[in-house]
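The chain contents come next:
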Amino acid sequence: MGASFTRNIEHINFGFQATPWLETDFRYTGLEHFDPGFSVYYDRSFAMKVRLWDEDGPVPAVAIGANDLIGTGVYSGEYLVASKQFGTVDATLGIGWGRLGSTALFKNPLSVFSNSLNTRSSGFSGDLPGATAFNVLFHGPAGLFGGLAWQTPIDALDLLAEYSSDKYDFETTNGTTRRQPTQFNFGAAYKWNDNINLSLDWLYGD
């Protein structure tokens, strides 16, 4: 279970390891200045991630996932991601669609199968909470995201760096947050004990 609070946005989430290869996540979000009809717009979303195979020698672990499978579509996004450990560094690289493709770095590679995959509706159905918009899955332009986590010589301290492919278009358009000046994020994480992790982060230039 976890929670995070930033300017005008609060997240409460509950993750569950359903099977050794399947992760599920339920998130409840409060967004201020998002919908003129609500002082705080509350959004519920459900996500799933399936591990396709484990890391083995030179082969990275690979997973596929989707966010906001059941919800209003505010956080709708899909991804294919690989991760690999190199000594004391964990590296991650993925391709994303929807929210995770909002940097629109390149054309949808899946469009070789159908040109219709190049187009994605907004996915936002604020009047239909709990709806599932399967017709937008893996549609639209794609973006790349990635990250590095370095296990420092200081026990339990990791330094983090990532490039995010989420531009927070919904939030900036509606005035929930200001437009992000950079997609790069940096942080430090410290495992206090088996139950508590502490982190200090520089996110989107703030």
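Details of the structure are given in the entry above.
Our subject in this report is the structure included herewith. Because the structure is a prediction, the values reported are computed rather than measured. (Residues numbered from 1 in each chain as written. Predicted model: local features only at pLDDT ≥ 70, side-chain atom pairs only at ≥ 80, totals over all residues. Heavy atoms only, no water.)

### Re the overall build of the protein
In step 1: When helices and strands are counted, the protein shows one helix and 11 strands.
In step 2: Relative to the 2.2 N^0.38 estimate, which gives 17 Å for 206 residues, the radius of gyration of the protein is 18 Å and therefore close to what a compact globule would have.
In step 3: The principal-axis extents of the C-alpha atoms in the protein amount to approximately 50 × 40 × 35 Å.
In step 4: A buried classification covers 34% of the 206 residues belonging to the protein.
In step 5: Restricting the contact set of the protein to residue pairs at least 6 apart, pairs at least 24 apart contribute 46%.
In step 6: Of the roughly 12,100 Å² of accessible surface on the protein, a fraction of 62% belongs to carbon and sulfur atoms. (Helix = DSSP H or I, 4+ residues; strand = E, 2+ residues; numbered from the N terminus. Rg over C-alpha atoms; globule rule 2.2 N^0.38 Å. Buried < 20%, exposed > 50% of the residue type's maximum accessible area, 1.4 Å probe, protein only. Contact = heavy atoms within 4.5 Å. Areas by Shrake-Rupley, 256 points an atom, 1.4 Å probe, with all protein chains shown as cover.)

### Thoughts on the sheet that holds strand β11 (residues 197-202)
In step 1: Here we have 11 strands laid out as an open sheet, ordered β1-β2-β3-β4-β5-β6-β7-β8-β9-β10-β11, and antiparallel in their pairing. Pairing within the sheet leaves two strands with one partner each, and these edge strands are β1 (2-6) and β11. Each neighbouring strand pair of the sheet contributes to a mean axis angle of 20°, computed without reference to strand direction.
In step 2: As defined by bridge partners, strand β4 (residues 40-53) adjoins strand β5 (residues 61-71) across seven bridges and the pair is classed as antiparallel. If you follow R51 over to β5, its bridge partner there is A63. (Pairing = 2+ DSSP bridges. Axes fitted to C-alpha atoms, helices over the stretch in contact; angles between N-to-C directions.)

### With respect to a nonpolar patch on the surface
In step 1: On the surface, a cluster of nonpolar side chains totalling about 800 Å² of accessible area is made up of M1, I12, F14, F16, F26, Y28 and Y42.
In step 2: Broken down by secondary-structure element, the contributors of at least two residues to the nonpolar patch are β2 (9-19) and β3 (22-32).
In step 3: Per-element tally for the nonpolar patch: the top contributor is β2, with three residues.
In step 4: Its place among the elements puts F26 in strand β3.
In step 5: Note on F26: relative accessible area 39%, which makes it partly exposed. (Patch = residues over 30% accessible without salt bridge, like charges linked within 9 Å, V, L, I, M, F, W, Y side chains within 5 Å. Salt bridge = Lys/Arg side-chain N within 4 Å of Asp/Glu carboxyl O.)

### Regarding the environment of S121
In step 1: By the secondary structure assignment, S121 is in the loop between β7 (89-98) and β8 (143-151).
In step 2: Judged by relative accessible area, which is 44%, S121 ranks as partly exposed.
In step 3: The spacing of S121 and N195 is 74 residues in sequence and 41 Å in space, taken between C-alpha atoms.

### Quick look at the pairing of β1
In step 1: By the bridge criterion, five bridges tie β1 to β2 in an arrangement that is antiparallel. What sits directly across from F5, in β2, is E10.
In step 2: Counted between consecutive antiparallel strands, the loop separating β1 from β2 contains two residues, among which N8 sits at a positive phi close to 70°.

### Looking at the packing of aromatic side chains
In step 1: Under the defined criterion, the tally for this structure stands at nine aromatic pairs.
In step 2: When the centroid spacing of 5.1 Å and the interplanar angle of 70° are considered together, the rings of W97 and F138 count as edge-to-face. Highlighted residues: W97 in strand β7 and F138 in the loop between β7 and β8, separated in sequence by 41 residues.
In step 3: Taking the relative accessible area as the measure of exposure, F138 reaches 21% and is therefore partly exposed.
In step 4: A cation over an aromatic ring shows up here: R27 above the ring of Y75, its NZ or CZ 4.4 Å from the ring centre.
In step 5: It is R99 that lies over the ring of Y168; its NZ or CZ is 5.1 Å from the centre. (Phe/Tyr/Trp six-rings, centres within 6.5 Å; stacked < 30°, edge-to-face > 60°. Lys NZ or Arg CZ within 6 Å of the ring centre and 35° of its normal.)

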